[in-house]
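A look at the structure
Here is how the chains run, residue by residue.
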Amino acid sequence: MLDDERSVDDKREYSAPRDPEGVVQSANETQVDFESQAYRELIERSLLNKGNNVRLKRAIEKARKGEPTNIAYIGGSITQGAGAIPIHLQSYAYRSYEQFKNRYAPSDGSSINLIKAGVGGTPSELGIIRYDRDVLRDGRVQPDILIIEFAVNDADDETKGNCYESLVIKALAADNKPAVILLFSVFENDWNLQDRLAPIGWHYDLPMVSMKDALVEQFQKTSAEGNVITKKQYFHDIYHPTNLGHRIMADALSHLFNVTDHSALDQVEQWDDRTPLIGNDFVNVKLLDRKNIEPIARIEVGAFQHTDTELQMAEMHDHDYGTPLFPHNWMYIREDTQERNRFTLHLNCKRLILIFKDSSSDEFGTANIRVDDEHIKQADPHQVNWTHCHAMLLINENEASEHKIEIEMAEGYEDKRFTILGFGYVD
């Protein structure tokens, strides 16, 4: 049953969830009437697709019984909490986790566990490599609910949605059958990649929540015409929401949970017999770094023998501190005694993604990349120009074979530094 098919009584049951005790509202939040019909309609517009509800209803019932329930979020800087103050308590991820816990968990809610894996500036091309480590925690944790938020990060995804769909399929295929929700954020210029990514959600009949659908049309209206929130109230900058914006995102997810909870149980889904819409080539991608290189691959580190400790940081889960990303790396520093400066990787694979460090520091410079003795690309750490994890596709073939990957400083940059954070590979 779609949202617009719910009864009037069902619609009256929705109200904006209360803030958790101790969380301070921003001045902008006090200017919005969260109990108004206009706000209710804004939140209802966010529900792009209720989707097959079997998995989500199962997760809600599990939470109600007091059983351990994991709610996970993976995405970019908005999922990390950028624009929210304090970032670990006011992000949409933390606030929607709190709302879910307060609504469905018995007692103190300690049975509900938050897994927040948002990393600024990262697309699904990198997200799918991070998934095992940052969400599944190398097999120690399985999410019961997974929210995927890459709609404003995937413009530079070289796979044009293949990594995104691969992540969706990877999550859906887990033995514990988690509910997978697609969340579409929006920039201040009204842009996102919903047109590319929502068809994947329709294809697998997934729940989808769209901030673009909720907000953009009403941004153009006056208060008399139906404006509820202005762009100045919603956006902290041209990319990220304010505390109010994060609250609205959390309310939109809570609305999906409420609609699902009050809907009749759908028939059992049959997603796994569907041909991928864009592709599933990266479902089995794995992280390769200094920690696990043996016995997977053979390397000659050359002058890339150092470890970079000045890394991108992200506030994971409910932490108020940053965790360094990809600490098991290889950093190039020129040494006059080093005869061979080149990093060489020998690996049997059919797909390979390089992860390298972007930096604003003048100490870093451009590297050349060769695959099987052919120069294919240059990696410029100043392309983005802030400390950031950059994914670059090097190999994309249908059959696995032995490859030699060589990375060395480009001419004129021999005295600069370069950090290989790791690789994502499909064997």
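Per chain, the residues get numbers from 1 upward, laid out in the order the sequence is written. Given that the model is predicted, a residue must reach a pLDDT of at least 70 before its local features are reported, and side-chain atom pairs must reach 80 or more before they are shown or counted; all residues, however, enter totals for whole chains, interfaces and linings. Hydrogens and water are ignored here; the side-chain numbers use all heavy atoms of the structure.

The name recorded for the protein chain in an unreviewed UniProt entry is Lysophospholipase L1-like esterase, from Paenibacillus amylolyticus.

**A closer look at the overall build of the protein chain**
We count it as follows: Helix and strand definitions follow DSSP, with helices as H or I runs of at least four residues and strands as E runs of at least two, each counted in order from the N terminus. Our radius of gyration looks at C-alpha atoms and nothing else; its globule reference is 2.2 Å times the residue count to the power 0.38. A simple rule labels every residue: compare its accessible area, found with a 1.4 Å probe on the protein chains alone, to the largest value its type can have, and call it buried under 20%, exposed over 50%, or partly exposed in between. Two residues qualify as a contact provided that any one of their heavy atoms is within 4.5 Å of a heavy atom in the partner residue. We get accessible surface area from the Shrake-Rupley algorithm with a probe of 1.4 Å; when it comes to residues, only the shown protein chains can shield them.
Each helix and strand in the protein chain was counted, giving 13 helices and 16 strands. Taking 427 residues into account, the globule formula puts the C-alpha radius of gyration at 22 Å, and the protein chain, at 23 Å, falls close to it. A principal-axis box enclosing the C-alpha atoms of the protein chain has dimensions of 75 × 45 × 40 Å. Among the 427 residues that make up the protein chain, the fraction classed as buried is 58%. Within the protein chain, residue pairs in contact and separated by at least 24 positions form 79% of the contacts whose partners lie at least 6 positions apart. Roughly 17,800 Å² of accessible area belongs to the protein chain as shown, and the carbon and sulfur atoms make up 44% of that amount.

**Section: the UniProt feature "domain: SGNH hydrolase-type esterase" (unreviewed entry) in the protein chain**
Convention followed: UniProt positions are given in the numbering used here, feature names are shortened, and annotations may be inferred rather than shown by experiment.
Per the UniProt record, "domain: SGNH hydrolase-type esterase" (unreviewed entry) is found at residues 74-248. The span residues 74-248 is 42% helical and 13% strand by assignment, and the distance between its end C-alpha atoms comes to 18 Å.

**So, helix α9 (residues 194-203)**
Heads up, the condition is: Think of the arc as the fan of directions from the helix axis to the C-beta atoms.
Looking only at α9, the buried set comprises Q194, L197, A198, I200 and G201. An end-on view of α9 places all buried positions within 150° of arc, on one side of the element.

**Examining the sheet that holds strand β4 (residues 145-149)**
By way of backbone hydrogen bonds, the strands of a sheet pair with one another, either parallel or antiparallel. Rules: A pair of strands is treated as paired once DSSP finds two or more bridges between them. As a rule, the C-alpha atoms of each element are fitted with a line to give its axis, helices using only the stretch in contact, and angles between N-to-C directions run from 0 to 180 degrees.
Spatial strand order, β1-β6-β5-β4-β2-β3: six strands in an open sheet with mixed pairing. Lying at the two open borders of the sheet, with one neighbouring strand each, are β1 (47-49) and β3 (112-118). Each neighbouring strand pair of the sheet contributes to a mean axis angle of 20°, computed without reference to strand direction. Where β4 and strand β5 (residues 179-184) come together, four bridges link them in parallel fashion. Within β5, the residue paired with I148 across the bridge is L182.

**Some words on helix α6 (residues 92-104)**
Operational definition: Expected span of a helix: the number of residues minus one, times 1.5 Å.
The end-to-end C-alpha separation of α6 is 18 Å, in line with the 18 Å expected for 13 residues at 1.5 Å each. Within α6, eleven of the 13 residues are buried, which leaves it mostly tucked inside the rest of the structure.

**Comments concerning the environment of A155**
If you trace the backbone, A155 turns up in the loop between β4 and α8 (162-172). Judged by its relative accessible area of 38%, A155 is partly exposed. Counting along the chain gives ten residues from A155 to I145, while the straight-line C-alpha distance between them is 26 Å. Setting aside residues no more than four positions away along its own chain, A155 makes contact with K160, W191 and L193.

**Some words on the nonpolar core**
Our working rule: Here, the term nonpolar core denotes a set of buried Ala, Val, Leu, Ile, Met, Phe, Trp, Tyr and Cys residues that are joined through side-chain atoms within 4.5 Å.
One finds I74, V135, I148, Y164, V168, L182 and F184 to be the most contacted residues of the largest nonpolar core, which totals 51 residues. Ranked by residues supplied to this core, first place goes to α8 with seven residues. Leave out the neighbours within four places in its chain, and F184 touches L48, A151, Y164, N192, Q194, L197, A198, M208, V209, S210, M211 and K212.

**Details of the pairing of strand β2 (residues 69-75)**
Extensive coverage of β2 is indicated by the burial of seven of its seven residues. With burial as the criterion, each face of β2 is covered, one bearing T69, I71, Y73 and G75 and the other bearing N70, A72 and I74. Note: β2 against β3, seven bridges, orientation parallel. Note on β3: the bridge partner recorded for I74 is A117. As paired strands, β2 and β4 are joined by five bridges and run parallel to one another. Paired with I74 across the two strands is I148, which belongs to β4.

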